[in-house]
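Descriptive structure summary
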Amino acid sequence: MPVRVFLYILLGLTLFTLLRYGIFLLSNALAGRLGLIREEAGGLGSAVARGVVTAMAADVVALPSIVFLALPERPASPTGTPVLMVHGLYHNRTAWLIFSRRLRRAGFGNLHTFGYNSFTKDFDNALAGLKARLDALLADSPDGRIILIGHSLGGLLCRCAAGDPRFRDRVAALVTLGSPHGGSELAWLGGNRMARGLIPGRTIPEAVAEAPDPDCPKLAVYTVADDYVIPLDLLRTGRPGWDERVCAPMGHVWMLYSPEVADMVTGFLCPLPRVERGGEPVSGSRKKTG
């Protein structure tokens, strides 16, 4: 019976993946962005194929990872600039299991995660929780700074928290991965208030648009094959001062597991003057794609 249930879940996730990429093609066609995707990815068909495969692979990785919620988090190193990672909609702290290992290989050991309830709570509640976590992490270091890394909705929470006057001068770097800076048309299918708040022009994109940027290096990584942030233009920050980089075509959630994306982030962070690593890298970063 458990095997049959797992297969049914996998089938449902596969059908939902195909539905998302159908909406992806329609939405980007109406927005006139299929040509740009084709040009960036070296072919529309290959971009969609890689997106579908990696999106399904991400589901296979994410589902078993839930068991790690029963285990305590690995203790953070007491040295180096703290790194706070914030997951996206409907996810949890296990989103960062693989990504955090790659950060440690690059010498970042002072790692923390922030989790929030995106099923029954709203954006303001999550933002208040994130600010409280920042207060706690920065309390012992009046002059210290922190690195914020957010995936998807987590990136929007990081942007809004970093724009608060209390933290604008305390952020050493701000990184977003596949974040819906302008919302997402897929949010029309959202089943709760948090998801529907991501509809373009609604509360969450408006809150992000109103939040000032912190005075620190800012990186936004996105993929042209994103199956959750639709259409393509909504992945752009729309502001000066951001380093926006396009990674290889891949599914939205796969960005958390991609060596290429992790290398982009560590390559961005390591040279920054306000960023201190907690020790020597365990091994060199890998230059892979996909």
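Model, not experiment: these values are computed from the prediction. (Residues numbered from 1 in each chain as written. Predicted model: local features only at pLDDT ≥ 70, side-chain atom pairs only at ≥ 80, totals over all residues. Heavy atoms only, no water.)

**Side note on the sheet that holds strand β4 (residues 171-177)**
- Spatial ordering of the open sheet is given by β2-β1-β3-β4-β5-β6, a layout of 6 strands whose pairing is parallel. Each end of this open sheet is capped by a strand with a single partner; those strands are β2 (111-114) and β6 (242-247). Averaged over all neighbouring strand pairs, the angle between strand axes comes to 20°, with direction disregarded.
- Bridge count between strand β1 (residues 83-86) and β2: 4 bridges; the pairing is parallel. What sits directly across from Val86, in β2, is Phe114.
- Where helix α6 (residues 153-162) meets the sheet, its contacts fall on β1, β3 (146-151), β4 and β6, and the angle it forms with β3 comes to roughly 145°. (Pairing = 2+ DSSP bridges. Helix = DSSP H or I, 4+ residues; strand = E, 2+ residues; numbered from the N terminus. Axes fitted to C-alpha atoms, helices over the stretch in contact; angles between N-to-C directions. Contact = heavy atoms within 4.5 Å.)

**Concerning empty space enclosed by the protein**
- Tallied over the entire structure, the rule returns 2 cavities of 30 Å³ or more.
- In this model, the second largest cavity occupies a volume close to 30 Å³.
- The wall of the second largest cavity is formed by Arg20, Ala55, Asp59, Asp227, Tyr228, Gly251, His252 and Val253.
- Residues belonging to the lining of the second largest cavity are distributed by class as follows: 3 nonpolar, 2 polar and 3 charged. (1 Å grid on protein atoms, 1.4 Å probe; cavity = no way out; pocket = protein on both sides within 12 Å on 5 of 7 lines; lining within 4 Å. Points joined across faces, edges and corners; volume = space filled by probe spheres on them. Nonpolar A, V, L, I, M, F, W, Y, C, P; charged D, E, K, R; others polar.)

**So, helix α2 (residues 34-41)**
- Looking at α2, one finds that the buried residues are Leu34, Ile37 and Ala41. Looking down the long axis of α2, one finds its buried residues gathered within 60° of arc, a one-sided arrangement.
- The positive-phi residue at the C-terminal boundary of α2 is Gly42, with phi of around 75°. (Buried < 20%, exposed > 50% of the residue type's maximum accessible area, 1.4 Å probe, protein only. Arc of directions from axis to C-beta.)

**With respect to the environment of Ala161**
- Within the secondary structure layout, Ala161 lies in helix α6.
- Sequence separation between Ala161 and Ala128 is 33 residues; the distance between their C-alpha atoms is 8.5 Å.

**As for the packing of α6 against helix α8 (residues 203-210)**
- α8 packs onto α6 with a crossing angle of 40° between their chain directions and a minimal axis gap of 9 Å. In terms of orientation, α6 lies oblique with respect to α8. The hand of the α6/α8 crossing is left-handed. Of the residues in α8, those in contact with Leu153, Leu156, Arg159 and Cys160 of α6 are Ile204, Ala207 and Val208.
- Class assignment for the residues of the contact of α6 with α8 results in 6 nonpolar, no polar and 1 charged. (Parallel < 35°, antiparallel > 145°, perpendicular 65-115°, else oblique. Left-handed = near helix turned anticlockwise from the far one by under 90°.)

**Quick look at the UniProt feature "domain: AB hydrolase-1" (unreviewed entry) in the chain**
- Look at the UniProt record and you will see "domain: AB hydrolase-1" (unreviewed entry) annotated at residues 82-182.
- Overall, residues 82-182 shows 35% helix and 21% strand. The separation of its end C-alpha atoms is 28 Å. (UniProt positions renumbered as here; feature names shortened; annotations may be inferred.)

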